[in-house]
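Observations on the model geometry
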Amino acid sequence: MTRPLPASPGDRMHASALRLADEMTRRAAEIGVEIQTLANGARLIDAGVAATGSHEAGRLYAEACMGGLGQVAVGVRRLGPATLAEARVTVDAPLHACMASQYAGWKIQVQKFFAMGSGPARSLAAAEPFFAQHPPQSRSDSAVLLLETSTLPGAEVADFVAARCGIEPARLTLIAASTGSLAGCTQIAARSVETALHKLMELGFDLTAIVAGAGACPIAPGIPDPLRAIGRTNDAVLYGAAVSLWVRADDRAIEAVIDRLPASSSKDHGRLFYDLFKEHGDFYKIDPLLFSPAQVTLVNAASGRVWSAGAIDEAMLRKSFGIDG
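These lines cover the structure that appears in this document, whether it is placed above or below. (Residues numbered from 1 in each chain as written. Predicted model: local features only at pLDDT ≥ 70, side-chain atom pairs only at ≥ 80, totals over all residues. Heavy atoms only, no water.)

1. Structural notes on the sheet that holds strand 3 (residues 70-79)
For the record, the criterion: Here, a strand pair is defined by DSSP locating no fewer than two bridges between the strands. Only DSSP runs of H or I covering at least 4 residues are called helices, and only runs of E covering at least 2 are called strands; the numbering of each starts at the N terminus. As a rule, the C-alpha atoms of each element are fitted with a line to give its axis, helices using only the stretch in contact, and angles between N-to-C directions run from 0 to 180 degrees. Note on contacts: a residue pair qualifies if any of its non-hydrogen atoms lie within 4.5 Å across the two residues.
Taken in spatial order, the six strands line up as 3-4-9-10-11-12 in an open sheet, and their pairing is mixed. Looking at which strands have only one partner, the edges of the open sheet turn out to be strand 3 and strand 12 (306-310). Taking each pair of neighbouring strands and ignoring which way they run, the sheet shows an average axis angle of 15 degrees. Sheet analysis places strand 11 (residues 295-300) next to strand 12, joined by five bridges and oriented antiparallel. In the strand pairing of strand 12, Thr297 is matched with Ser308. The sheet contacts of helix 10 (residues 226-240) involve strand 3, strand 9 (210-218) and strand 10 (242-247), and relative to strand 9 the element is tilted by about 115 degrees.

Written as structure tokens, this is what we have:
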């Protein structure tokens with residue numbers, strides 16, 4: 001059965017993401033991003049491919065990923081002898097913000113270019129299975145797509161995205177950052193709530209029952225090796241993210257999923273993601289139960305009961321991040 005997404009947050013997320021992209025453009029020199037206009041008129045914001053980027057660029061990137069329907073702040077946390085930055089996110093329209101927008105579910109492959117796409121442009125293209133279950137109810141004549149990539153896209157990529165979104169290329173904004181860049185590591189750490197929602201979807205939980213979410217996740221230390229960067233950013237979520245979700249549901253529905261919700265429910269838990277990726281050679285061959293926050297709390301506003309499962313694993317984080325002492 002399909003469940004159309006409620007219209008109002010979806011209507012807002014395109015304009016909100018565009019506002020955030022305009023802010024990045026206006027503050028480009030301040031936050032370390034570079035702006036280009038491609039041959040077809042599309043705007044390209046380099047937040048961390050050739051550009052240096054910043055935590056602020058990553059924060060704005062992450063908020064644009066959520067279509068402006070969530071807030072991101074950067075704080076600090078202790079990890080052994082080290083002090084690391086962490087991304088703290090709050091979301092009040094989680095189905096729209098996290099699943100219809102932030103989730104990196106759109107594979108963009110044009111000639112030799114490849115990236116995973118996030119942002120409200122996904123709901124215009126509706127190219128993923130999620131949108132068959134939750135048809136988008138919004139339309140827009142402009143779009144913002146955020147790309148996790150080590151290569152800047154050209155006009156041919158913008159043409160492809162614009163065509164799938166049903167807009168003119170000049171009305172498209174692409175924002176790009178590599179995984180191991182400062183902005184890239186920051187925006188990935190801001191996916192803690194999204195990761196919990198995606199896991200709940202895989203477990204068959206009704207996502208429309210989730211009212212709000214909040215989460216915190218360490219921002220992985222940057223590293224030049226792209227595969228090790230993927231490893232560290234995934235480990236940050238799997239072993240370091242903590243999420244709280246407010247829901248309105250039958251207690252039995254929560255009890256059916258809570259023990260399988262954190263990353264520790266996976267047979268691959270306890271291993272570094274880099275080692276798993278080298279062994280399997282493909283994300284999709286890794287146990288899907290692994291892709292979850294380290295610790296999750298569900299607050300059922302319908303009954304007043306609270307459940308929690310999983311735990312932060314500081315030893316694995318220190319091993320992944322190369323923290324001595």
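2. Structural notes on the sheet that holds strand 6 (residues 113-118)
An order of 1-2-8-7-6-5 is seen for the six strands of this open sheet, with the pairing classed as mixed. Whereas interior strands pair on both sides, the edge strands pair on one side only; in this sheet they are strand 1 (34-37) and strand 5 (106-110). In this sheet, adjacent strand axes meet at a mean angle of 30 degrees when their direction is disregarded. Relative to strand 8 (residues 172-177), strand 2 (residues 43-48) runs parallel, the two being bridged by five bridges.

3. Points about the packing of aromatic side chains
This is how it is decided: Only Phe, Tyr and Trp rings are paired, with Trp represented by its six-membered ring, and only when their centres lie within 6.5 Å; those with planes under 30 degrees apart are stacked, over 60 edge-to-face, the remainder tilted. Only protein chains enter the accessibility calculation, which uses a 1.4 Å probe. A residue is then buried if its area is under 20% of the maximum for its type, exposed if over 50%, and partly exposed in between. Geometrically, a lysine NZ or arginine CZ counts as sitting over a ring once it is within 6 Å of the ring centre and also within 35 degrees of the ring normal.
Tallied over the full model, the rule gives three aromatic pairs. Centre to centre, the rings of Trp106 and Phe160 are 6.4 Å apart; their planes meet at 40 degrees, and the pair counts as tilted. Of this pair, Trp106 sits in strand 5 while Phe160 sits in helix 7 (residues 155-165), and the two are 54 residues apart along the sequence. For Phe160, a relative accessible area of 25% translates into the label partly exposed. Their ring planes at 70 degrees and their centres at 5.8 Å tell us that Phe273 and Phe291 sit as a pair that is edge-to-face. With Phe273 in helix 12 (residues 273-280) and Phe291 in the loop between helix 12 and strand 11, this pair connects stretches of sequence that are 18 residues apart. If you follow Arg228 out to its NZ or CZ, it ends over the ring of Tyr274, 3.9 Å from the centre.

4. Some points on the packing of helix 4 (residues 94-102) against helix 9 (residues 192-202)
Defined as follows: Just so you know how the angles are binned, under 35 degrees is roughly parallel, over 145 roughly antiparallel, 65 to 115 roughly perpendicular, and the rest oblique. Any residue that is not Ala, Val, Leu, Ile, Met, Phe, Trp, Tyr, Cys, Pro, Asp, Glu, Lys or Arg is counted as polar, Gly included; the first ten are nonpolar and the last four charged.
The N-to-C vectors of helix 4 and helix 9 enclose an angle of 85 degrees; their axes lie 10 Å apart at closest approach. Compared by their axis directions, helix 4 and helix 9 come out roughly perpendicular. Contact residues: helix 4 offers Pro94, Leu95, Cys98, Met99 and Gln102, while helix 9 offers Val193, Glu194, Leu197, His198 and Met201. Of the residues contributing to the contact of helix 4 with helix 9, the split by class is seven nonpolar, two polar and one charged.

5. Some remarks on helix 8 (residues 182-189)
One full turn of an α-helix is made of 3.6 residues, so residues set three or four places apart face in the same direction. Burial of helix 8 is extensive: seven of the eight residues sit out of reach of the surface. Looking only at helix 8, the buried set comprises Ala183, Gly184, Cys185, Thr186, Gln187, Ile188 and Ala189.

6. Some details on the environment of Ala183
With respect to the helices and strands, Ala183 occurs in helix 8. A residue is classified by how much of its surface remains accessible, and Ala183, at 0% relative accessible area, is buried. Through-space distance from the C-alpha of Ala183 to that of His269 is 27 Å; in sequence the pair is 86 residues apart. Apart from the residues within four sequence positions on either side, Ala183 is in contact with Ala47, Ser54, Ala57, Gly58 and Ala177.

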